[in-house]
Amino acid sequence: MTIKERNHWLDTVAEPATGPTGALPDKVDVAIVGGGFCGLSAARMLAQRGARVALLEAESLGWGASSRNGGMVLTGMKLPVPTLLKRYGRETVQRMYAASLESIDLVERIVKEEGIDCDFSRCGRLEVACKQSHFDHFSNAAVRIKNEFNHELRIVPKGELKGEIGSPIYFGGLVDESSASVNPARYVNGLAKAAQRHGAGLFDHTRVTNVSSQPNGASGNFRIETNRGSLTAKEVLLASGAYTTNATPSLHKKVIPIGSYIIATEILPDALAAELSPRNRMIYDSKHFLYYFRLTPDNRMLFGGRAAFFPESESTVRESAELLRTGMIEVYPQLRDTKVEYVWGGTLDFAMDVMPHSGKIDGMHFAVGFAGHGVGAATWMGAKLANVICGDPDDNPFSRIPFPAAPLGLRSGHTWALPLAGAYYNLLDWLT
Ligand SMILES: Cc1cc2nc3c(=O)[nH]c(=O)nc-3n(C[C@H](O)[C@H](O)[C@H](O)COP(=O)(O)OP(=O)(O)OC[C@H]3O[C@@H](n4cnc5c(N)ncnc54)[C@H](O)[C@@H]3O)c2cc1C
């Protein structure tokens, strides 16, 4: 099987947002590095509040993880609740969980207010148990989440799973009705156009190569060098996610870039699509090395996973297509003869402690570490940071927790330890 690398979502964007081709402004209030959900959400909010903004994006707007993801807008965080409570205490974790619920509301509100045509739907999500022990754990998790956060999840025993998923291999499920789905490339494109309408300057194909602080600088506190010239800014916001480079070395040291890959099939007949996912949920399984899958609005099965841990390249994308197709057929034998038409990859931004982080680094604002929850969380964090820059108090629970650096072997550009991490998680899936 040889499938050409192509991102299905990008094929659905009719008019990609672009920036002006002329010179950069000499000085702005806020320079933002990175044009994904986080940077664009911040740019929109800052412009709405009257700030002069220049967003600098090395590639096209939305080029990074924001146009490549599964489009699952999810509640909660990556780590299990008991781990979170032990680490950060009840009050902080309650505020974190509330933020995750708020983030979905925010995406919904932006989509409505800005009239973004991106198939946002509160379809809910389904986590499926790969082992009986995982299913047994679901009940405890649901009770804990109800008690701690007053948020309702529903257990689906194996006997009732057919109403949720047309696969025989799982031991039960856990449904969250608050989670949602979106076409991420259309959403990020709409977000860019909205930010432009509010007056933000979005400069694509503008790679930041250096940022230096200028204490008491006449026209701004920071000087930002790019391949298109330089500018000064009173504040800088780093929203460069997994694609963070050495232009901002302190943040670069903290980000662990991990590859994730997706295939999408040909368009399925309605009856088959309804059999595979009767309620059109966002679905993922209970493994560490998990699969996540969903139907696209035009009825393709989109099936993703961390098939290779390395960030995307021609070879990891090719290998991933094979691995993911095999995985998809294990879950859905009905798709044995279905053609896979798309494969693409993207890079997730992990922090060593698997948490999102925000705050200040070298005097610059930043938000990073969204891992597989960035659709909602990066949108929320961008808006939150914009408000802090405009003078609102910083009540963000993610800006108060310690942010550990990544060990050398896991940092961007030094990813020799990633196969070891992959092997470790495979072993965990086998043992637990
Ligand atoms: C395959 C895949 C599937 C995923 N699935 C989901 C999902 O279903 N649900 C979910 O919630 N999350 C998912 N995620 C995660 C989510 O996509 C990310 O967390 C989110 O997009 C991060 O947004 P961001 O704005 O922080 O970063 P990005 O969208 O990655 O944007 C960062 C941008 O910064 C730019 N940049 C970097 N350095 C510079 C520089 N020096 N100068 C200028 N520009 C620079 C990059 O070019 C890039 O465009 C997935 C991610 C991947 C890769």
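For every chain, the first residue of the written sequence is number 1, and numbering continues from 1 along that sequence. Restriction of local features to residues with pLDDT of at least 70 applies here, the model being predicted, together with a cutoff of 80 or more for giving and counting side-chain atom pairs; totals for whole chains, interfaces and linings are based on all residues. Side-chain metrics rest on all non-hydrogen atoms present in the structure, leaving aside hydrogens and water.

A. Representation of the overall build of the protein chain in the model. Labels follow the DSSP assignment, with helices taken as runs of H or I lasting at least four residues and strands as runs of E lasting at least two, numbered in each case from the N terminus. The helix and strand tally for the protein chain stands at 10 helices and 18 strands. The C-alpha radius of gyration of the protein chain comes to 21 Å, within 12% of the 22 Å expected for a compact globule of 432 residues. The C-alpha extent of the protein chain, read off along each of the three principal axes, is 70 × 45 × 45 Å. Considering the protein chain as a whole, with its 432 residues, one finds that 58% of them fall into the buried category. Based on C-alpha atoms, the radius of gyration is set beside the globule rule, defined as 2.2 Å times the residue count to the power 0.38. Between buried and exposed lies partly exposed: a residue is buried under 20% and exposed over 50% of the maximum accessible area for its type, with that area taken using a 1.4 Å probe on protein chains only.

B. Focus on the nonpolar core. Among the nonpolar cores identified, the biggest contains 67 residues, and I32, Y187, L202 and M355 are the most heavily contacted of them. At the level of secondary structure, the elements contributing two or more residues to this core comprise β1 (27-33), α1 (37-48), β2 (53-56), α2 (81-88), α3 (90-114), α4 (132-149), α5 (184-197) and α9 (374-389). Should any heavy atoms of two residues lie within 4.5 Å, those residues are counted as being in contact. Look past the residues within four positions of L202 in its chain and what remains in contact with it is G19, P20, L40, A43, L55, L61, A192, A195 and Q196. Side-chain atoms within 4.5 Å are what join buried Ala, Val, Leu, Ile, Met, Phe, Trp, Tyr and Cys residues into a set we call a nonpolar core. I263, A273, F303 and Y332 belong to the second-largest nonpolar core, a separate cluster that totals 29 residues.

C. The sheet that holds strand β4 (residues 125-128), seen in detail. Whether two strands pair depends on DSSP finding at least two bridges between them. Strand order across the open sheet formed by eight strands is β5-β6-β4-β13-β14-β15-β12-β16, with mixed pairing between neighbours. Pairing within the sheet leaves two strands with one partner each, and these edge strands are β5 (154-157) and β16 (340-350). Averaged over all pairs of adjacent strands, the angle between strand axes in this sheet comes to 20 degrees, irrespective of strand direction. The pairing of strand β12 (residues 256-265) with strand β15 (residues 301-305) spans four bridges and is antiparallel. Within β15, the residue paired with Y261 across the bridge is G305. To get an axis, a line is fitted to the C-alpha atoms, and for a helix only the part in contact is used. The angle between two axes follows their N-to-C directions and goes from 0 to 180 degrees. Those strands touched by helix α8 (residues 314-331) are β12, β14 (291-295), β15 and β16, and its axis lies near 60 degrees from that of β12.

D. Representation of the side chain of E127. Assignment of secondary structure puts E127 in strand β4. This count recognises Lys and Arg as positive and Asp and Glu as negative, with His and chain-terminal groups excluded. The term salt bridge refers to a pairing of a side-chain nitrogen on Lys or Arg with a carboxyl oxygen on Asp or Glu at a separation within 4 Å. It turns out E127 is buried and unbridged, and the closest side chain with the opposite charge, R125, is 4.4 Å from it. Contact partners of E127, with chain neighbours within four places excluded, come to F138, G172, G173, L174, Y284, D285 and S286.

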